[in-house]
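Observations on the three-dimensional arrangement
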Amino acid sequence: MILLDNPIPRDWFDWSNAGVGIVGLAFTLWAVWQATGAKEAARRAEQSVIRHNAEVDFSSLMRMAKELHGYVEGGMMHEARLRTTDLRSELALAIRLHEVFLGEQLNLLKEKQLDLTLVTDGLNRESKDLSKSERVRLLEITGAIMDVLVGQCGKLRSSVERGEGQ
Amino acid sequence: MNEQSLGFVNQLIEKTEKGKLSWSAGFEDDQYKTLLPDGNLAFVVQVKGDVRKFKMLDDHQDIIIEETVPLSETVANKINYGDDTCERLYEAIGNLQELACRRASQVNEKMAKLAKAGEMLAAI
């Protein structure tokens, strides 16, 4: 009653209450802002890790493609047949896993996947049955697969180094 | 399956004639392949002696349709059952393979370039 009759202390309480309220609101907004930033940072870090994994997977594919091309060049058809089967399944997996990062290259990679399927079927025949033109095409196909994978790997590596998604 | 395959082959012939599909050489001799623009379906056609082959694959390269039609089968089906579907499929695969071969080797484009070269030489 005394406080209500005396306007000065009441104003003082009012002002301090209002001040505490404003400070509280400011802290809440700051915490929300921090949480949003942390969530965004976590999302970027996740994207960066996924992109890095894609780069690692495509590096491995690139090495397999180089080996395959080497076997074909050296006429090691048994090894080439085994490598083709490995590369075909690994490429299928990589395309499914990293489709989101492949962009315009996706169709090109699917075309190479189809080439590998046809080569796998074709090589299941005895290698001595391969005609001269088939041998030439095999060399062209494995060379083209290697080029596409090297290009894709380069793109992914440069995007990781540029820190895209961060 | 033959009827369905025949439908697909005829559609592919139509689209190829209209220039909506591009074909390229496969791995084996006389084998040609095409991938739809979105990459969800692929088709492979091949003529190997008197055997004609047609394949349709999905986006994971799993085979949806695989037809291997030997000439002997078309004759037998027609004589024994009076069914000419096999014969029509055999013919259609042959026609498609021929078209695919022309598209893959860009015969029309090369002919146009030759004609243009002839005109240019004549104009000199």
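All values reported here derive from a predicted model rather than from experimental measurement.

**Some thoughts on the overall build of chain A**
Broken down by element type, chain A carries 5 helices and 0 strands. When the helices and strands of chain A are read in sequence order from the N terminus, they spell out α-α-α-α-α. Within the span of chain A, comprising 166 residues, buried residues form 27% of the whole. A fraction of 74% describes how many contacts in chain A between residues 6 or more apart in sequence connect residues 24 or more apart.

**Some points on the pairing of strand β3 (residues 42–48) of chain B**
All names here are of chain B. Burial analysis of β3 places 6 of its 7 residues in the buried class, which makes it a mostly covered element. Inspection of the sheet shows strand β2 (residues 31–35) paired to β3 by 5 bridges, in the antiparallel sense. Considered in β3, the bridge of Gln31 is made with Gln46. Connecting the antiparallel pair β2 and β3 is a turn made up of 6 residues, with Gly39 showing a positive phi of about 75 degrees. Strand direction decides the pairing type here: β3 and strand β4 (residues 51–57), joined by 7 bridges, are antiparallel. In the sheet register, Gln46 faces β4, and the bridge partner there is Lys53. Between β3 and the antiparallel strand that follows it, β4, lie 2 residues; Gly49 among them carries a positive phi value of about 65 degrees.

**As for the sheet that holds β4 of chain B**
Taken in spatial order, the 5 strands make up an open sheet running β1-β2-β3-β4-β5 (chain B), and their pairing is antiparallel. Looking at which strands have only one partner, the edges of the open sheet turn out to be β1 (24–25) and β5 (63–70) of chain B. The sheet strands contacting helix α4 (residues 105–123) of chain A are β2 and β3 of chain B, and the helix crosses β2 of chain B at an angle near 150 degrees. This element, helix α3 (residues 85–104) of chain B, spans β1, β2, β3, β4 and β5 of chain B of the sheet and lies at about 105 degrees to β3 of chain B.

**Quick notes on the environment of Ser22 of chain B**
All names here are of chain B. The residue Ser22 is located in the loop between α1 (2–17) and β1 in this model. For Ser22, a count of 13 C-beta atoms within 10 Å gives the class partly exposed. Put simply, Ser22 and Leu41 are 19 residues apart on the chain and 13 Å apart in space, counted from C-alpha to C-alpha. Setting aside its immediate chain neighbours within four residues, Ser22 contacts Thr34 and Arg103.

**As for the confidence of the model for chain B**
Caution is warranted with low-pLDDT regions, since their predicted coordinates should not be read in detail. Summary statistics for chain B give a mean pLDDT of 89 and a share of 99% for residues scoring 70 or more. Our summary of model confidence lists the complex with pTM equal to 0.76 and ipTM equal to 0.79.

**Things to note about the interface of chain B and chain A**
Of the residues lining the interface, 14 residues belong to chain B; the matching set on chain A comes to 18 residues. Going through the elements one at a time, β2 and β3 of chain B are the ones with two or more residues in the side of chain B that touches chain A. Broken down by element, the residue count for the side of chain B that touches chain A peaks at 3 residues, all from β2 of chain B. Class assignment of the residues belonging to the side of chain B that touches chain A gives a composition of 5 nonpolar, 5 polar and 4 charged.

Cut-offs and rules
Residues numbered from 1 in each chain as written. Chains lettered and ligands numbered in written order. Predicted model: local features only at pLDDT ≥ 70, side-chain atom pairs only at ≥ 80, totals over all residues. Helix = DSSP H or I, 4+ residues; strand = E, 2+ residues; numbered from the N terminus. Buried ≥ 20, exposed ≤ 12 C-beta atoms within 10 Å, placed from the backbone. Contact = placed C-beta atoms within 7 Å. Pairing = 2+ DSSP bridges. Axes fitted to C-alpha atoms, helices over the stretch in contact; angles between N-to-C directions. pLDDT = per-residue confidence, 0-100. Nonpolar A, V, L, I, M, F, W, Y, C, P; charged D, E, K, R; others polar.

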